[in-house]
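Here is what each chain is made of, one letter per residue.
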Amino acid sequence: MDPKRYTRVKEILLAVRTLHGEARHQYLDNACSDDPDLRREVESLLPHDTTAPAILDEGALEERIEGALAHAPEGMVPPPLPDSIGPYRILGVLGEGGMGVVYEAEQTEPIRRKVALKLIRRGLDTDRVVARFDTERQALARMDHPGIARVLDAGADSSGRPFFVMELVDGVPITEFCRSENLDVPARLRLFRLVCQAVEHAHRKGIIHRDLKPSNVMVSTREGSPSPKIIDFGIAKATNQSSTDEPALTQEGHLIGTPEYMSPEQADGSGNVDTRTDVYSLGVLLFEVLTGEMPYHFDTHRYSEIQRVLRETVPQRPSQCVPDGPGADRLRKQLSGDLDNIVLMALRREADRRYRSVERMEDDLRRHLEGQPVTARKDTWTYRTGKFVQRNRTGVAAGGVIAALLIAFAFTLARKSAEVVVERDRAVAAERVASAEAETARQVSDFLANLFELSSPGETHGNSVTAREILDRGAERVDEELADQPVVRGHLLYTLGGVYHGLGIYDKSEEMLRNALELQRDELGPRHADVGRTLSLLCTVLHDTGEYDQSVEAGREGLAILRESLGTQNRDVALTMSGLAVSLQSSGNLEEAEPLFREAADIFLELDGPESDDFAWCTMSLGYLLHAKGDDESAVGLYETALATQRRLFPQAHPDLAATINHLGGVRMSLGELDVAEPLFRESLEMYHTLYPDGHAALGVVLHNLGVAQQRQGRYEDAETSLKESLAVNRRILGNDHPYVAFGRASLGSLFLEAGRMQDAERELREAVATAQLAFGEDHPRTGSAWLILGSALRDMGRPGEAREAWNRALAIQSAALPEDHPDRLAVRDSLATLSEAIDAAH
Amino acid sequence: MSESDRSDFTKILLQMNDEGADKPEITHKLLEAMYPDLRILAQNLMRRERRGHTLQPTALVHEAYVKLVDDARVEWQDRAQFMGIAARAMRQLLVDHARRHSAAKRGGGLQRVTLDDSFGNDMAQEFEIMALHDALRKFAQMDERAAKVVELKVFGGLKIQEIAHVLDVSKRTVDGDWAMARMWLGRELREQ
């Protein structure tokens, strides 16, 4: 509307709004006589005179202004504003938090300036707070860094509440800044490096922050670039309830403050707070800066619950926590790998396994930004402590139950670990200190240390080096560089074989061990203890590749050698016994396996007492053996005992624990307690996923068991998914002829059978029989079981003659291999009897 | 707010009276100067008054005046200027909040946003404020004075009489402007 026209409309409207009825009409007729558009305009506005929008009413916006202003950071309403606190005049409120209120205040002496004054909530002991602050005052004064807000003063207000006076900082919390400025990942990392540098400065001056969180890291833009300032240095220490850094709790056991940023050592009240506590909090902060999420969420302030979560769970990788939304996939890709590793390295539960200093963490961020390999590695790999790999014992077994005939397939992977190897290394090194072999031990350690030192950028293919790459390179170097030192080389091959096995890379492991064995026999003699140790490990590896006979052979020889050279009360001997027992059991020789498990358990009990991982492992193995013999009740008891010990020993995910949970699920399933079994399988599965994010045969086993549990609940689609996934994992990791592949096919076949998919069932079961014959041999009980299920399928398809043939083969095998009262044997006999009756009746 | 700040503010305010003063520029400067203070001021005021009654924008503006202006040095006319600026500041405050708030609700993707529940219930409110703001800008292009009346009345909480003083026009004129603005804004807002 042009201005002239508007003026005319306004004129008419203001006149006509006071008129009513006929008078209004006349006026409009007159005023707009020759201009219908004008009249339309006026008439479209006029009704709004009496019905203007509510937003224009007097006082309509008051509430909204209140709302806009009440949008205080922590959503709390503070007490009325005091005029002054101590010598400081209070100007306004800057923010509030769990610890108290922060005011903007004015200082007049020695200079006039604005400051931030933090008044601590009631309930803390003022004298001690102030005294503790005083002890730190000099150290705080030494800090001089643009990224650190100075703490100027501390005191108490008239009612005795302690307060701190700090440099006034503008800016917003770092997380908010990154979001509102929409910073990309590199920009966030550059900003975070500045934060690290400031914290490192404080650490060098002997000050630990202890309470790093977004609201303590304020960012503003200075000279065009983001500039962080850390506030509250020195305050957390002063305000802690006790000198031992125990967390502040209410009487009901609720935590005061923000649990999400608290390190495990702060949460458990152990008092072991040092600079690595800040490393942890920085890890949480970086996690949040990168993903917008936090590694842990606590729905509660209940202290015991927070402790439990920190103790029992492992944070997810940041890349897995990116919420869906635009750009989420790209962000996930950017985070996975180096940044996941950097964050998780800072977040490790044990302070010793985190970055040693904030500087190291910052350096890794720099490396990442510059495209260089970083020092952080996945949690399975620790270098600095000299631990080669995390305990990596894999023992998986379960009653894989063929639903139709209640035949339990026993799955197991032997437990033996790279760690055992390394522990042996250490023990051996200790034994040999005085001897000429000390030199060998030293060379081995040097070589390994070298191997795991960060390779220089030129030598790596990508930005980061995987464990596998390091190992492969190590294996090459062993041959190249140690050709003239066969003893050292043999020892290293043995060690590498253990590590490959721990990672589930069985073919490489076997190759290393066979080479080691040859060297050691030549150099040390065929009855040397090292030969025994290598055989012992080979026994385990061969078991897991499914070569049970060879495994038993290696185990027997190894055990004999070790008994000869080490006596009986020896850990290596006991470990070899339990490894051999697992292989015997898998090859169907339960009678010989049982006393070996018991003897090994006795040795571990003697050496370590009942609260030890090895003893718990043996208890579980024995339970598994009884389960395989059909004594489910005794098996439950042994599993529960082992589990209780293991849960105490391993607060986080652990292979031993995962194995026992899986076994317990298996026996519960045999007992028909499916609702108990399924959650156990899921727990075990989750644990293995955490332990082996890149896949492992154990995952295939537990998935199989889960699938069977689902099948038995009638959830055929879920079961098919689980079983097929299991089969895929097993074929990929173990190869097509492995016993587990035979089991998996049999289970899948029996699922199809039960679901009425006869063609699928027959195909899968015939594959199962063929695979079993290859994997176990023609006369093995497991091959018998496969025949058995195939017989059931044939019977159900209306082919009784073929069914009887299959069952007779099964019975012949079982009669030779199993005790007379074995449930499998009884089941087959019953089935055959029923079938015979049916066939006879039909004739 | 220190004495020196207060004196600075008053000095800028008084520049309004200079011959050939760049009034929009001075207004902008004053707005910039008082905006952050006004926010904190309002927060504190609101909290003090929370029990019993809601915030009166006039009370807020008065409070701001006391804090910001050295009363002895300014004429009544300057006070009127101040009221105008304060109303503008309140408008900006609401709009900024609405903008940030609705942006936060739409979600930046990366960050979980915690909002005050008492205020976070109704997104429509945010849009309403924004709609009024936009309509008022459009209206000001045709009838600047009437738009000013709306700002003073709705955002500044001033009475018709006070607005007449501030704008140096008759009360009748303010009445007319207000009536026109209601009709025009009413149609504009309903048509959206």
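Being a predicted model, the structure only gives us computed values, none of them experimental. Numbering of residues begins from 1 in every chain and follows the order in which that chain's sequence is written. Chain letters start at A and ligand numbers start at 1, both assigned in the order the entries are written. For a predicted model such as this one, the threshold for reporting local features is a pLDDT of at least 70, and the threshold for listing and counting side-chain atom pairs is 80 or more; totals across whole chains, interfaces and linings nevertheless cover every residue. Side-chain descriptors were evaluated using all non-hydrogen atoms of the structure, hydrogens and water having been removed beforehand.

(A) Expanded view of the overall build of chain B. Each helix is a run of H or I in the DSSP string that is no shorter than four residues. Each strand is a run of E no shorter than two, and both are numbered from the N terminus. If you tally the helices and strands in chain B, you get 9 helices and 0 strands. Looking at the 192 residues of chain B, the share that counts as buried comes to 50%. The contact definition used throughout considers only heavy atoms, calling two residues in contact when any of these lie within 4.5 Å. Put simply, 63% of the contacts in chain B that link residues at least 6 apart link residues at least 24 apart. Surface accessibility in these figures is a Shrake-Rupley result with a 1.4 Å probe; residues are shielded only by whichever protein chains are displayed. As presented, chain B carries roughly 9300 Å² of accessible surface, and 47% of it is formed by carbon and sulfur atoms. Exposure categories follow from relative accessible area, calculated using a 1.4 Å probe and restricted to protein chains: below 20% of the type maximum is buried, above 50% is exposed, and the middle band is partly exposed.

(B) Main features of the overall build of chain A. Looking only at helices and strands, one finds 34 helices and 11 strands in chain A. Considering chain A as a whole, with its 843 residues, one finds that 56% of them fall into the buried category. Once local pairs closer than 6 in sequence are excluded, the contacts in chain A between residues at least 24 apart make up 63%.

(C) Quick peek at the nonpolar core. Residues grouped as a nonpolar core are buried Ala, Val, Leu, Ile, Met, Phe, Trp, Tyr and Cys residues, joined through side-chain atoms within 4.5 Å. If you look at the biggest cluster of nonpolar residues, it comprises 70 residues, and the most contacted ones within it are A:Tyr639, A:Met669, A:Phe681, A:Tyr688, A:Phe776 and A:Trp787. Counting 68 residues, the second-largest nonpolar core is a separate cluster that includes A:Ala139, A:Tyr261, A:Ala328 and A:Ile342.

(D) Structural context of the packing of helix 26 (residues 655-670) of chain A against helix 28 (residues 697-712) of chain A. Residue and element names in this part refer to chain A. Angles shown run from 0 to 180 degrees and are taken between the N-to-C directions of axes, each axis being a line fitted to C-alpha atoms and, for helices, limited to the stretch in contact. At a minimum axis separation of 11 Å, helix 26 and helix 28 run at an interaxial angle of 25°. Considering their axes alone, helix 26 and helix 28 lie roughly parallel with respect to each other. Two packed elements cross with a definite hand, and for helix 26 against helix 28 that hand is left-handed. Along the contact surface, helix 26 presents Asn 662, Met 669 and Ser 670, while helix 28 presents Val 701, Val 702, Asn 705, Val 708, Ala 709 and Arg 712. Among the residues making up the contact of helix 26 with helix 28, the classes are represented as 5 nonpolar, 3 polar and 1 charged. Any angle that is under 35 degrees is reported as roughly parallel, and any over 145 degrees as roughly antiparallel; angles of 65 to 115 degrees are reported as roughly perpendicular and all others as oblique. Handedness of a crossing is defined here by the sense of rotation of the near helix relative to the far one, left-handed for an anticlockwise turn of less than a right angle and right-handed for a clockwise turn. Each residue gets one of three labels, nonpolar for Ala, Val, Leu, Ile, Met, Phe, Trp, Tyr, Cys and Pro, charged for Asp, Glu, Lys and Arg, and polar for the others, Gly among them.

(E) A look at the packing of aromatic side chains. Residue and element names in this part refer to chain A. Aromatic rings from Phe, Tyr and Trp, taking only the six-membered ring of Trp, are treated as a pair when their centres fall within 6.5 Å; an angle between ring planes under 30 degrees marks them as stacked, one over 60 as edge-to-face, and anything in between as tilted. The final tally for this structure, using the stated rule, is 4 aromatic pairs over all chains. Here Tyr 88 and Phe 163 contribute two aromatic rings whose centre-to-centre distance is 6.1 Å and whose plane-to-plane angle is 85°, an arrangement assigned as edge-to-face. Residue Tyr 88 is found in strand 2 (residues 88-97), and its partner Phe 163 is found in strand 6 (residues 162-167); the two are separated by 75 residues along the sequence. We classify Tyr 88 as buried; its relative accessible area is 3%. What makes Phe 163 buried here is its relative accessible area of 3%.

(F) Representation of helix 28 of chain A within the structure. All names here are of chain A. In this model, helix 28 (16 residues) spans 23 Å end to end at C-alpha, consistent with the 22 Å of a helix rising 1.5 Å per residue. Along helix 28, 15 of the 16 residues are buried, which leaves the element largely enclosed by surrounding structure. Directly beyond the C-terminal end of helix 28, a positive phi value near 80° is found at Gly 714. Multiplying one less than the number of residues by 1.5 Å gives the expected span of a helix.

(G) Summary view of the sheet that holds strand 7 (residues 172-173) of chain A. Residue and element names in this part refer to chain A. Two strands pair under a simple rule: DSSP has to find at least two bridges between them. Strand order in this open sheet of 3 strands is 7-8-9, and the pairing throughout is antiparallel. In this open sheet, the two edge strands, each paired with only one partner strand, are strand 7 and strand 9 (225-230). Both strand 8 (residues 217-222) and strand 9 contribute to a ladder of 6 bridges, which runs antiparallel. Opposite Met 218, over in strand 9, you have Lys 229 as the bridge partner. Against the sheet, helix 7 (residues 185-204) engages strand 8 and strand 9, with an angle of about 30° to strand 9.

(H) Representation of the pairing of strand 5 (residues 151-156) of chain A within the structure. All names here are of chain A. Examined bridge by bridge, strand 5 and strand 6 share 5 bridges and lie antiparallel to one another. Across the sheet, the residue bridging to Gly 155 is Phe 163, located in strand 6. Where strand 5 folds back on strand 6, the antiparallel hairpin that results is connected by 5 residues, among which Gly 160 adopts a positive phi of roughly 90°.

(I) Looking closely at the pairing of strand 4 (residues 113-120) of chain A. All names here are of chain A. Most of strand 4 is tucked away: 6 of the 8 residues are buried. In this sheet, strand 6 lies alongside strand 4 in antiparallel orientation, the contact comprising 5 bridges. When the bridges of strand 6 are listed, Leu 117 appears paired with Val 165.

(J) Here's a closer look at the packing of helix 25 (residues 632-649) of chain A against helix 26 of chain A. Residue and element names in this part refer to chain A. At a minimum axis separation of 9 Å, helix 25 and helix 26 run at an interaxial angle of 155°. Taken together, the axis directions place helix 25 and helix 26 in an arrangement best described as roughly antiparallel. Seen along the crossing, helix 25 lies across helix 26 with a hand that is left-handed. Side by side, helix 25 and helix 26 meet where Asp 632, Ala 635, Val 636, Tyr 639, Glu 640, Ala 642, Leu 643, Gln 646 and Arg 647 of the first sit next to Asp 656, Leu 657, Thr 660, Ile 661, His 663, Leu 664, Val 667, Arg 668 and Ser 670 of the second. A per-class count over the contact of helix 25 with helix 26 returns 9 nonpolar, 4 polar and 5 charged.

(K) Quick peek at the environment of A:Ile120. Residues and elements named next belong to chain A. Within the secondary structure, Ile 120 is located in strand 4. Here Ile 120 falls in the buried class, since its relative accessible area comes to 0%. Along the sequence, Ile 120 and Phe 164 sit 44 residues apart, while their C-alpha atoms lie 8.1 Å from each other.

(L) Just helix 12 (residues 328-335) of chain A, in detail. Residue and element names in this part refer to chain A. What helix 12 keeps buried is the set Ala 328, Leu 331 and Leu 335. For helix 12, the arc enclosing every buried residue in end-on projection is 60°, short of the 170-degree limit, so these residues lie on one face. Summarising the geometry of helix 12, the exposed residues directed more than 90 degrees from the buried face are Asp 329, Arg 330 and Lys 333. On its buried face, helix 12 is in contact with helix 7, helix 10 (275-291) and helix 13 (338-346). The arc under discussion is defined with respect to the helix axis, by the directions toward the C-beta atoms.

(M) Focus on the confidence of the model for chain B. All names here are of chain B. Residue-level confidence of the predictor, termed pLDDT, takes values from 0 up to 100. With 41% of its residues at a pLDDT of at least 70, chain B reaches an overall mean of 67. No element of chain B has a lower mean pLDDT than helix 5 (residues 117-120), which averages 32, and none a higher one than helix 9 (residues 171-191), which averages 90. Under a pLDDT of 50 for its full length, residues 48-54 has, in the predicted model, 10 contacts with residues more than four places off or in other chains. Below a pLDDT of 50 lies the segment residues 101-123, which in the model reaches 38 contacts outside its immediate sequence neighbourhood of four places, other chains included.

(N) The arrangement of the confidence of the model for chain A in detail. Residues and elements named next belong to chain A. Per-residue confidence for chain A gives a mean pLDDT of 77, with 76% of residues at or over 70. Across residues 72-80 the pLDDT falls below 50, and counting only partners more than four positions away or on other chains, this stretch makes 16 contacts in the model. The low-confidence segment residues 379-424 (pLDDT under 50) makes 189 contacts with residues lying over four places distant or belonging to another chain.

(O) Up close: unusual backbone geometry. Positive phi outside glycine occurs at A:Asp232, with the angle close to 70°. Relative to the assigned elements, A:Asp232 resides in the loop between strand 9 and helix 8 (235-239). The backbone of B:Asp168 shows a phi angle near 60°, a positive value even though the residue is not glycine. Note that B:Asp168 resides in the loop between helix 8 (160-167) and helix 9. Judged by relative accessible area, which is 64%, B:Asp168 ranks as exposed.

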